[in-house]
Amino acid sequence: MTGVLSLRGLQAFEAAARSGSFVAAAEELGISAAAVSQLIRALEEQAGRKLFHRANRRVVLTEAGMDVFPQLLNAFADLRSVARELDGGDRRSSLVISVAPSVAMGWLSARLPDFLRLHGAVDISLRGEDDPVPFERERIDFRLSYGRSHYPQHQVEDIVTDAVYPVCSPTFLDKHGGALSTESMLGATLIHTDWGPSAASFPSWRTWFEKAGLTPNRQMQRGITANSSMAAIDFACGGLGIALGQGLFCADLVEAGRLVVAMKQRILLANPYCINLPQRSANRPLVTSFKTWFAAECVRCVESPALVT
């Protein structure tokens, strides 16, 4: 290795290693993907070591790249922090939160004022989106995922494993004599949820009836179908039928008396909910505070006594 390594080349390497893509690095740096490739190739020639394996549109760090990446990641994070301070930019803290659409709509949006009252002025960007999400392109600080396999490159922590419960409005239950049996539920109006891409790992009414020891029939397939968990719960609150509601979303409504658990038979979800943090955000006090607060809110709902009594 001869001479001083190119700072621009090191910057291109750090951005590409962090995002896993020359294209994403180019978007972040405001140059072309070809320019990123040229900078990294020149850096590799200068260092005398290959830093990336190139595979289609993705890049994977070599052993040599993995040796130096953590140090560069921290160094550039510090430089960006110093640059923000010298720039005299916003003194307010900011937080980019990414969750599933059903979590963003109604559940988290209703709770964020409580977090802000506890932690003061914070600029929050709340994104409701499905996995996978563009961590670096959108500068995401916090991601809630269903399952832990989506972002192996980031810090991941299990929060809680939720369950689904058959829930309906008190009015709907009264119309059925104040109580339902598994047999009578086959003839009741059922609210189905189209879970989308994760459908294979989420329970359906067929799963629920099979676990209850009944063979589902064609009548079970009738009823109302919603394209989100929250929409299904809204239908149930309106007295339109019985929904399989996640504890996360229906605990508050059961506690308030707007919904009742029609039967004690529940089904645990196949995967836990997990918090995913990029390394650049994992040690930020604001992110740590939000993670602790958010996890406590999730656990409180999922483990609500109202769901099991």
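Preceding block: the structure.
Draft legend 1. Inspection of the overall build of the chain at higher detail. If you tally the helices and strands in the chain, you get 12 helices and 13 strands. The buried share of the chain, taken over its 309 residues, is 45%. Looking at the chain alone, contacts between residues at least 24 apart form 75% of all its contacts between residues at least 6 apart.

Draft legend 2. Quick look at the side chain of E129. By the secondary structure assignment, E129 is in the loop between β4 (122-128) and β5 (142-146). In this structure E129 comes out as buried when scored by relative accessible area, which is 15%. A polar side-chain atom of E129 sits 2.7 Å from a polar atom in the side chain of S98. Among the polar contacts listed, one links the side chain of E129 to the side chain of R127, at a separation of 2.8 Å. Excluding its chain neighbours within four sequence positions, the residues that come into contact with E129 are S98, V99, A100, P101, P134, I140 and R143.

Draft legend 3. Region of interest: helix α9 (residues 229-237). Within α9, the full set of buried residues consists of S229, M230, A232, I233, A236 and C237. Down the axis, α9 shows its buried residues gathered within 160° of arc, on one side only. Remark: G239 follows α9 within two positions and exhibits a positive phi of approximately 80°.

Draft legend 4. Focus on the sheet that holds strand β3 (residues 93-99). Strand order in this open sheet of 5 strands is β4-β3-β5-β13-β6, and the pairing throughout is mixed. Both edges of this open sheet fall to β4 and β6 (155-160), since each of them pairs with a single strand only. Ignoring strand direction, the axes of neighbouring strands in this sheet form an average angle of 20°. The sheet contact formed by β6 and strand β13 (residues 273-277) spans 5 bridges and is antiparallel. Among the inter-strand pairings, V156 is bridged to a residue of β13, identified as N276.

Draft legend 5. Looking closely at the nonpolar core. Of all hydrophobic cores here, the largest spans 68 residues; its most connected members are W107, L108, I242, L248, L259, F290 and F294. The element contributing the most residues to this core is helix α12 (residues 285-302), with 9 residues.

Draft legend 6. Region of the structure containing the pairing of β5. β5 sits mainly inside the fold: 5 of its 5 residues count as buried. Pairing geometry for β3 and β5, over 2 bridges, is parallel. Counterpart to S98 in the pairing with β5 is R143. Looking at chain direction, β5 and β13 are connected through 4 bridges and run antiparallel. Residue pairing across strands places S145 opposite C274, the latter belonging to β13.

Draft legend 7. Up close: the packing of aromatic side chains. Enumeration over the complete set of coordinates arrives at 15 aromatic pairs. A ring pair is formed by F115 and F290, whose centres lie 5.1 Å apart and whose planes are at 90°; its orientation type is edge-to-face. On the criterion of sequence distance, the pair formed by F115 in helix α5 (residues 101-119) and F290 in helix α12 is long-range, its members being 175 residues apart. Judged by centre distance (5.5 Å) and plane angle (75°), the rings of W205 and W208 are edge-to-face. Of this pair, W205 and W208 are both found in helix α8 (residues 205-211), 3 residues apart, which corresponds to roughly one turn of the helix. Using a relative accessible area of 0% as the deciding quantity, one classes W208 as buried. Put simply, the rings of W107, F115, F142, F290, W293 and F294 touch in pairs and so form one group of aromatic residues.

Draft legend 8. Here's a closer look at the environment of K291. Mapped onto the fold, K291 is located in helix α12. Residue class for K291 comes out buried when judged on its relative accessible area of 16%. The spacing of K291 and F142 is 149 residues in sequence and 7.9 Å in space, taken between C-alpha atoms. If near-sequence neighbours (up to four positions away) are discounted, K291 is found in contact with F142, Q155, E157, I275 and L277.

Criteria and cut-off values
- Residues numbered from 1 in each chain as written.
- Predicted model: local features only at pLDDT ≥ 70, side-chain atom pairs only at ≥ 80, totals over all residues.
- Heavy atoms only, no water.
- Helix = DSSP H or I, 4+ residues; strand = E, 2+ residues; numbered from the N terminus.
- Buried < 20%, exposed > 50% of the residue type's maximum accessible area, 1.4 Å probe, protein only.
- Contact = heavy atoms within 4.5 Å.
- Polar contact = N/O pair within 3.5 Å; in protein donor to acceptor, adjacent residues only side chain to side chain.
- Arc of directions from axis to C-beta.
- Pairing = 2+ DSSP bridges.
- Axes fitted to C-alpha atoms, helices over the stretch in contact; angles between N-to-C directions.
- Core = buried A, V, L, I, M, F, W, Y, C linked by side-chain atoms within 4.5 Å.
- Phe/Tyr/Trp six-rings, centres within 6.5 Å; stacked < 30°, edge-to-face > 60°.

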